[in-house]
Structures are given as structure tokens and as C-alpha cells.
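Coordinates in review
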Amino acid sequence: MEDDPGSAGFISRRHLFSGMIMDIVLYYSPTSNCSLRVKWVFDYKGIDYKLVDVSAVDSDHVFFSLSPYGYVPIVTVDDEVLSESMAIADFAEDSFGEPILFPGNSLNRARIREVCEFVNSTIHPAQNSSILRFLNPGLSDAERVELRINWINHCLDRLKPRLWKVSQFAVGTNFSLADIFLFEICVKLVSLGGELSNDYAQYRGFIESSGFRTGSKR
Ligand SMILES: N[C@@H](CCC(=O)N[C@@H](CS)C(=O)NCC(=O)O)C(=O)O
């Protein structure tokens, strides 16, 4: 591990894997639940990486010099740039060993992905503030927040029958990527001023007390 003296607040690290050294950097924002998914994945799997808070730097420059999409998370692996939290989690799962993010048989793994995709592809985009601003430029900030809260709650309600069937974890009997995606969207709802229904509040408490977030350095 080596510190990068030119970058205040950065911890520069390298990761040794299969005889290869990879420099991994996560560009994130502490208020971005997609970024926090990736941070949790890296911490959970014990991956060494450098963390760059884009809210503390010129974020537009960082975004668009690295990725055409204009959002975080962005991960660089040596000279390669990755976007999309799901793709980054796949990369982490494929490249690093235990603990695994997709435990169980193929059906269980598909269910884990189903929950992640529902959060990532259905819940998240429609409540993303820049997408809402683009599609509904006339909305006030307060109206946007209300819409976001209502949408997340509506979707969480729809998702409920798929969850907690055989344990308190989202899917199956073990902690998985589904818990990371689900927990972070619950946190987003609360940070917007929304209220979790009882079962999601209990779930949030369970994950917080389960120790699966201990690696999460926030
Ligand atoms: N599907 C993408 C979504 C990325 C995304 O929407 N990031 C948000 C934060 S959670 C962002 O950077 N928003 C700023 C913007 O859209 O301008 C992923 O999972 O990585």
C-alpha cells in the first residue's frame, strides 16, 4: 500500500491478484446510493482501492473526462474505465474470491440479480433527480422530492412478495448483492425524508446489526 502525496484525502492502494497488480480507483459521492453499493462491494470483498469523492473535486471534469454518462460510480482498473454499479459488482465478483455476492444455486443467483435489477433499472432511474429534472423541468425541488419518495415507496411495496422468503436476508439464506442494493435504496428513501414501512424498517435494522456492513468505511 502506498500513499499518494499529491492527492489530499486519497488513499492510494494497489491490489495483488493472481500475480497481477491492479490499481483500482472508485470515484464516488457519499450521497449517491449507486456509488455506495460499489463501495460496500469493494469493502465487503476486501478489495484494495483508492477512493475519490467527486463532490470534493471538479466533478464535471472527473465525470466527463472518464465516462460519457456523467454520473458516479466510476471505477478505473489500471487504464480501463468501468461504469454501472451492476457491471462493477460483476467485475468484482469475477475477479476476486470470497466472500461471494451471488451465493446459492443458479435459481437463487437469478433471484439475487432480479432484486438488484429491480432496484437498479426500475426504482432508481425514475427517482434520479437529474432524470426527473430532464423529463419534468417544471417541477419544483419539493415536488421532485415528493415524487421520488412516492415512487420508491410504491416500488418497494411491489417488491415485497419477492423478499425474505426463507430468512431475513433479501434472497435465500445468505447475505448477497441483493441486500446491498436493497439496503442502499432504503437509506436513500429515508435520506429524502420518506418513511420506511414496518417490514423494511425491520429489514434495515437487521442488516445494520448483522455485521455485514462492518467493512463499510463511511
Ligand atoms: N445505473 C447506474 C446509475 C448511476 C447514477 O444514476 N448515479 C447517480 C448517483 S446514484 C448520479 O451520479 N447522479 C448524478 C446525475 O445523474 O447527474 C449505476 O448503477 O451505476
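Residues numbered from 1 in each chain as written. Predicted model: local features only at pLDDT ≥ 70, side-chain atom pairs only at ≥ 80, totals over all residues.

**So, the overall build of the chain**
Threshold: What counts as a helix is a DSSP run of H or I of at least four residues, what counts as a strand is a run of E of at least two, and both are numbered from the N terminus. To sort residues by burial, count the other C-beta atoms lying within 10 Å of each one's C-beta; a count of 20 or more means buried, 12 or fewer means exposed, and anything in between means partly exposed. C-beta atoms are built from the backbone. By definition, residues are in contact whenever their C-beta atoms, placed on the basis of the backbone, come within 7 Å of each other.
For the chain, the helix and strand inventory stands at eight helices and six strands. Ordered by position in the sequence, the α and β elements of the chain form the string β-β-β-α-β-α-β-β-α-α-α-α-α-α. Here the chain holds 218 residues, and 31% of them are scored as buried. The long-range share in the chain, meaning contacts at least 24 apart out of those at least 6 apart in sequence, stands at 67%.

**A short note on the sheet that holds strand β5 (residues 74-77)**
Let me state the cut-off plainly: Here, a strand pair is defined by DSSP locating no fewer than two bridges between the strands. Only the contacting stretch of a helix is used when fitting its axis, a line to C-alpha atoms as for every element, and angles between N-to-C directions run 0 to 180 degrees.
One open sheet holds the four strands; their spatial order is β4-β3-β5-β6, and the pairing between them is mixed. Each having just a single partner strand, β4 (50-53) and β6 (80-83) make up the two edges of the open sheet. Sheet twist, expressed as the average angle between the axes of neighbouring strands with direction ignored, equals 20°. In the packing of helix α1 (residues 33-44) onto the sheet, the strands contacted are β3 (24-28) and β5, and the crossing angle to β3 comes to about 150°.

**Digging into the site of the ligand**
This is how the line gets drawn: We call a residue near a molecule or strand when its C-beta atom, built from the backbone, sits within 6 Å of it. Nonpolar residues are Ala, Val, Leu, Ile, Met, Phe, Trp, Tyr, Cys and Pro. Charged residues are Asp, Glu, Lys and Arg, and all others, Gly as well, are polar. Per the annotation, domain bounds derive from an automatic or database assignment of domains.
Close to the ligand lie 13 residues; S32, C34, Y71, S85 and S130 are nearest. Only α1 and α3 (85-95) provide two or more residues apiece to the shell around the ligand. Per-class residue counts for the shell around the ligand are five nonpolar, seven polar and one charged. Counting contributing residues, the shell around the ligand receives three or more from each of domain 1 (15-95) and domain 2 (106-210).

**Re unusual backbone geometry**
Here the bond from V72 into P73 is cis, since omega is 10°, no more than 30 degrees from zero. Locating P73 in the fold gives a position in the loop between α2 (59-66) and β5. P99 follows E98 through a cis peptide bond whose omega is 0°. Tracing the backbone through its elements, the reader meets P99 in the loop between α3 and α4 (106-127). The phi dihedral of D78 falls on the positive side, at around 55°, and the residue is not glycine. Within the secondary structure layout, D78 lies in the loop between β5 and β6. Phi is positive for E84, close to 75°, though the residue is something other than glycine. Mapped onto the fold, E84 is located in the loop between β6 and α3. Overall, the presence of 18 C-beta atoms within 10 Å leaves E84 in the partly exposed class.

**Concerning the packing of helix α7 (residues 177-191) against helix α8 (residues 198-210)**
Rules: Geometric relationships in this document are graded by angle, where less than 35 degrees denotes roughly parallel, more than 145 denotes roughly antiparallel, 65 to 115 denotes roughly perpendicular, and other angles denote oblique. Handedness of a crossing follows from how the near helix is turned relative to the far one, being left-handed for an anticlockwise turn of less than a right angle and right-handed for a clockwise one.
Between α7 and α8, whose axes approach to 10 Å, the crossing angle comes to 120°. Of the possible angle classes, the one that applies to α7 and α8 is oblique. Taken as a pair, α7 and α8 cross one another with a handedness that is left-handed. Every residue of α8 that contacts α7 at D179, F183 and C186 is listed here: Y200, R204 and I207.

**Comments concerning the nonpolar core**
For the record, the criterion: To form a nonpolar core, buried Ala, Val, Leu, Ile, Met, Phe, Trp, Tyr and Cys residues must be joined through C-beta atoms within 7 Å.
Of all hydrophobic cores here, the largest spans 50 residues; its most connected members are L26, V41, V115, L177, A178, F181 and L182. Counting contributing residues per domain, this core is built from domain 1 (15-95) and domain 2 (106-210), each supplying no fewer than three.

**Describing the packing of helix α6 (residues 141-159) against α7**
Viewed as axis vectors pointing N to C, α6 and α7 meet at an angle of 145°, and their least axial separation amounts to 10 Å. Handedness of the crossing formed by α6 with α7: left-handed. When α6 is examined against α7, the residues I149, I152 and N153 are found in contact with a partner set consisting of I185, K188 and L189. Its residues assigned to classes, the contact of α6 with α7 comprises four nonpolar, one polar and one charged.

**Some words on the environment of K160**
Relative to the helices and strands, K160 resides in the loop between α6 and α7. In this structure the C-alpha to C-alpha distance between K160 and Y200, which are 40 residues apart in sequence, comes to 8.8 Å.

**With respect to the confidence of the model for the chain**
Rules: As a per-residue measure, pLDDT tells how confident the predictor is, with possible values from 0 to 100.
Scored by pLDDT, the chain has a mean of 88; 86% of the residues are at 70 or more. Taken element by element, the predicted model of the chain shows its lowest mean pLDDT in strand β1 (residues 15-17) (56) and its highest in α7 (98).

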